[in-house]
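One-letter residues, chain by chain:
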Amino acid sequence: MRRIIAYIILTVSSLTAFAQRQYEPNFAIGGKAGATLSMMSFSPKVSQGLLPGMMAGVAMRYTEEKLFGLIAELNFEQRGWKEKYDPGVNFSYSRTLSYIQIPVMTQIRFGSDRVKGFVNLGPEVGFMIGSHISANFDYTNVSAVAGYPAGYRTNQQLAMEVSNRFDYGIAGGLGLEVIMKGRHSLMLEGRYYYGLGNIFPSAKRDYFSASRGMSIEITAAYLFRLQ
């Protein structure tokens, strides 16, 4: 009986090692684009809604196992926030922050040879390259704007200059990949990003203790397998 058990263990181990040797490393590169919905995590709280934006970039993926891979991207992304006002109040304000972002994530893959689901998770760093404010009132002097509800709102963020252009945080996503004939594949992904860096000063003497970016990203990507 011991010999039989030992033989079974040896056979299974040999087959596993053979299967691992039969899987070839895979390196793919491609492009991606999509839409974003973003807001900020402010403390003190700011009344706001989701700001629509866009993103586009390039992606590189390396897989050495059937279930695991590593994906890195270089993206242009728009984030920011939109002030939320009471119904019937005809004021609008939004600030769009443009970033160059570099996420590096582990990818967990599952499914068939043609259709795979995946989970992405990892850190992301970025640098702000632009900031644009759109408003229909003088946001630099709200006390002089007739009818503006300044008394019960947080207003310091409206005209405050960005002091920290470097950003970092955590990104995680769920998606679906369709592998076509040849070396082509298409991916659809929904991703959430939570920033850990503040765009405004956050020392004890400063007004905001937190001013971090958050975004939801819906993207489509095309990858071409090089190896």
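Since the model is a prediction, treat every value here as computed from it, not as a measurement.

Enquirer: I'd like a description of the nonpolar core, backed by residues and values.
Expert: Counting 19 residues, the largest nonpolar core has Phe42, Trp81, Phe137, Tyr148, Ile199 and Phe200 as its most contacted members. With three residues, the single largest contributor to this core is strand β5 (residues 93-111). Excluding residues that lie within four positions of it along the chain, Phe42 makes contacts with Gln48, Trp81, Gln157, Phe200, Phe208, Ala210 and Ser211. With ten residues, the next largest nonpolar core counts Ile71, Ala171, Met187 and Ala221 among its residues.

Enquirer: Explain the pattern of salt bridges to me, and be specific about the residues and the numbers.
Expert: This model, assessed by the stated rule, comprises nine salt bridges. With a closest N to O distance of 3.1 Å, Arg79 and Glu77 form a salt bridge. On the basis of relative accessibility, which here comes to 3%, the residue Arg79 falls in the buried class. For the salt bridge of Glu83 with Arg153, the shortest nitrogen-to-oxygen distance reads 2.7 Å.

Enquirer: Explain unusual backbone geometry to me, using residue names and the numbers behind them.
Expert: Of note, the bond from Ser43 into Pro44 is cis; its omega dihedral lies within 30 degrees of zero at 5 degrees. With respect to the helices, strands and loops of the structure, Pro44 is situated in the loop between β1 (26-43) and β2 (48-49).

Enquirer: Let's hear about the pairing of strand β6 (residues 115-135): which residues, and what values?
Expert: Note that β5 and β6 share 17 bridges and pair antiparallel. Pairing of Ile102 across the sheet is with Val125, part of β6. Where β5 folds back onto β6 in an antiparallel hairpin, the turn is made up of three residues. In this sheet, strand β7 (residues 166-179) lies alongside β6 in antiparallel orientation, the contact comprising 13 bridges. By the bridge assignment, Phe118 is partnered in β7 with Gly175.

Parameters at a glance
Residues numbered from 1 in each chain as written. Predicted model: local features only at pLDDT ≥ 70, side-chain atom pairs only at ≥ 80, totals over all residues. Heavy atoms only, no water. Core = buried A, V, L, I, M, F, W, Y, C linked by side-chain atoms within 4.5 Å. Buried < 20%, exposed > 50% of the residue type's maximum accessible area, 1.4 Å probe, protein only. Helix = DSSP H or I, 4+ residues; strand = E, 2+ residues; numbered from the N terminus. Contact = heavy atoms within 4.5 Å. Salt bridge = Lys/Arg side-chain N within 4 Å of Asp/Glu carboxyl O. Pairing = 2+ DSSP bridges.

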